[in-house]
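Each chain, written out:
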Amino acid sequence: MGNAELQSIHVHPVKALRGFSPREAVVEPWGLAGDRRWALIDDGGKVVTQREHPRLALAAAELVPGGGIRLSAPGRAPLTVPVPRPAGTVTMEIFGTKVEAVPAEETATAWCADHLGTSVRLVHMDDPAVRRPVDPDYALPGETVSFADGFPLLVTTTGSLDALNSLVAQGDRAHEGPLPMNRFRPNLVVAGTEAWAEDGWSRISVGEVVFRVAKVCGRCVVTTTDQETAERGREPLRTLARHRRFGSRLVFGQNLVPQSPGTVRVGDPVRILE
């Protein structure tokens, strides 16, 4: 376990869209800088994800200086979207929680609606320090999160993916494997651990940054979506249901909450503190 290191970093500026993989990233209390600070909502204010719209996987977002984003998708002219001015907020719902968000300019909303072929709105989280607390069942006082599913960061390991792909290869949907790590949309990917080592972690450090391991990550239908084509299969949920069922959850990866500020870099040593 002494040789574990950070293999890759993944930032998704818009929830449910494709992200990018920088060599380093600043860790803020609510997640990696720029990660999931934007989201799409439907006409009722409910968050829109790949659960309902796998086609979101085909659109990408990158950060631009000043906190804005650049949207791109096959066959579409890219669009740069500035951070909206805080002229007013709309109330959105993300997994049962009401959150205030600032609407993006109309051209951005139109671009996203055209890509999806349905009415959606692009919104921005202006102040992650106050907008959305982490689930109190798993949080310490004052912990907040961006538009990520529930926690500031998600970590996965290459050892566990290799083990999962071995299990997929033995099943009746072997033709769907091997699966790439982007099915799981992690922030941090760790190499050099044994399979499922992360089950036993409660506190880790990545380079200079310390993280609390909040809870295992229960997986949903998004993991069955090919992030290159937006087509759906049955894996990995079929194999996770047989081999990685923890109570009612099908588990892959761990949710993290930062305990100290700093910057993580590809190649950083990963240490298990507890």
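The structure presented is a predicted model; accordingly, all values stated were derived computationally and were not measured.

A separate point is the overall build of the protein. Counting its regular elements, the protein contains 3 helices and 19 strands. Expected size for 274 residues packed as a compact globule is a radius of gyration near 19 Å; at 18 Å, the protein falls within 12% of this value. The C-alpha extent of the protein, read off along each of the three principal axes, is 50 × 40 × 35 Å. Of the contacts made within the protein by residues no fewer than 6 positions apart, 69% connect residues no fewer than 24 positions apart.

So, about the sheet that holds strand E2 (residues 24-28). Two modes of strand pairing occur in sheets, parallel and antiparallel, and in both the strands are linked by backbone hydrogen bonds. Pairing in this open sheet of 3 strands is antiparallel, and the strands run E3-E2-E18 from one edge to the other. Every other strand in the sheet has two partners, leaving strand E3 (31-32) and strand E18 (262-265) as the edge strands with one partner each. One ladder, built from 4 bridges, connects E2 with E18; its direction is antiparallel. In the strand pairing of E18, Val27 is matched with Gly262.

A disulfide bridge is the covalent bond that connects two cysteines by way of their sulfur atoms. Scanning the model with the defined rule gives 0 disulfides in all. Take Cys220: it sits in no disulfide, and the sulfur closest to it among the cysteines is that of Cys217, at 8.2 Å. Residue Cys220 is classed as partly exposed on the basis of its relative accessible area of 23%.

On to the packing of aromatic side chains, then. Across all of its chains, the model carries 3 aromatic pairs by this definition. Pairing Tyr138 with Phe151 gives two aromatic rings, centres 6.2 Å apart and planes at 75°, and the pair type is edge-to-face. One end of the pair, Tyr138, is in the loop between strand E11 (121-124) and strand E12 (153-157); the other, Phe151, is in the loop between E11 and E12, with 13 residues separating them in the sequence. Since its relative accessible area comes to 28%, Tyr138 is described here as partly exposed. Assessed through its relative accessible area of 9%, Phe151 is described here as buried. When the ring of Phe184 is compared with that of Phe252, the centres are 4.1 Å apart and the planes differ by 25°; the resulting orientation is stacked. Note that Phe184 is positioned in the loop between helix H2 (158-170) and strand E13 (188-191) and Phe252 in strand E17 (residues 249-258), a separation of 68 residues in sequence. By relative accessible area, which is 1% here, Phe184 ends up buried. The cationic tip of Lys215 hangs over the ring face of Tyr138; the distance from NZ or CZ to the ring centre is 5.3 Å.

Moving on, we come to the pattern of salt bridges. Scanning the entire structure with this criterion turns up 13 salt bridges. Across the pair Glu228 and Arg18 runs a salt bridge whose closest N-O atoms are separated by 3.8 Å. Remark: Arg18 occurs in the loop between strand E1 (5-9) and E2 and Glu228 occurs in the loop between strand E15 (209-218) and helix H3 (237-243); sequence separation between them is 210 residues. Arg173 serves as the salt-bridge partner of Glu176, at 2.9 Å between the closest nitrogen and oxygen. For Glu176, a relative accessible area of 16% gives the class buried. What emerges from the salt-bridge pattern is a single network uniting Lys15, Arg51 and Asp149.

What counts as what
Within each chain, residues carry numbers counting from 1 in the order of the written sequence. Local features in this predicted model are restricted to residues whose pLDDT is 70 or higher, and side-chain atom pairs enter the listing and the counts only when it is 80 or higher, whereas totals over whole chains, interfaces and linings include all residues. As a rule here, side-chain values cover all heavy atoms of the structure and leave hydrogens and water aside. The helix and strand labels rest on DSSP assignments: H or I over at least four residues marks a helix, E over at least two residues marks a strand, and numbering proceeds from the N terminus. Restricting the calculation to C-alpha atoms gives the radius of gyration, and the globule rule supplies 2.2 Å times the number of residues raised to the power 0.38. Contact definition: two residues touch when any of their heavy atoms are within 4.5 Å. Two strands pair under a simple rule: DSSP has to find at least two bridges between them. Disulfides are defined as cysteine sulfur pairs within 2.5 Å. Only protein chains enter the area calculation, which uses a 1.4 Å probe; residues under 20% of their type maximum are buried, those over 50% are exposed, and those in between are partly exposed. Under the pairing criterion, centres of Phe, Tyr and Trp rings, with the six-membered ring standing for Trp, must be within 6.5 Å; the plane angle then separates stacked pairs below 30 degrees from edge-to-face pairs above 60, leaving the rest tilted. A ring is considered to have a charge above it if a Lys NZ or an Arg CZ atom is located within 6 Å of its centre and within 35 degrees of its normal. Salt bridge criterion: a side-chain nitrogen from Lys or Arg within 4 Å of a carboxyl oxygen from Asp or Glu.

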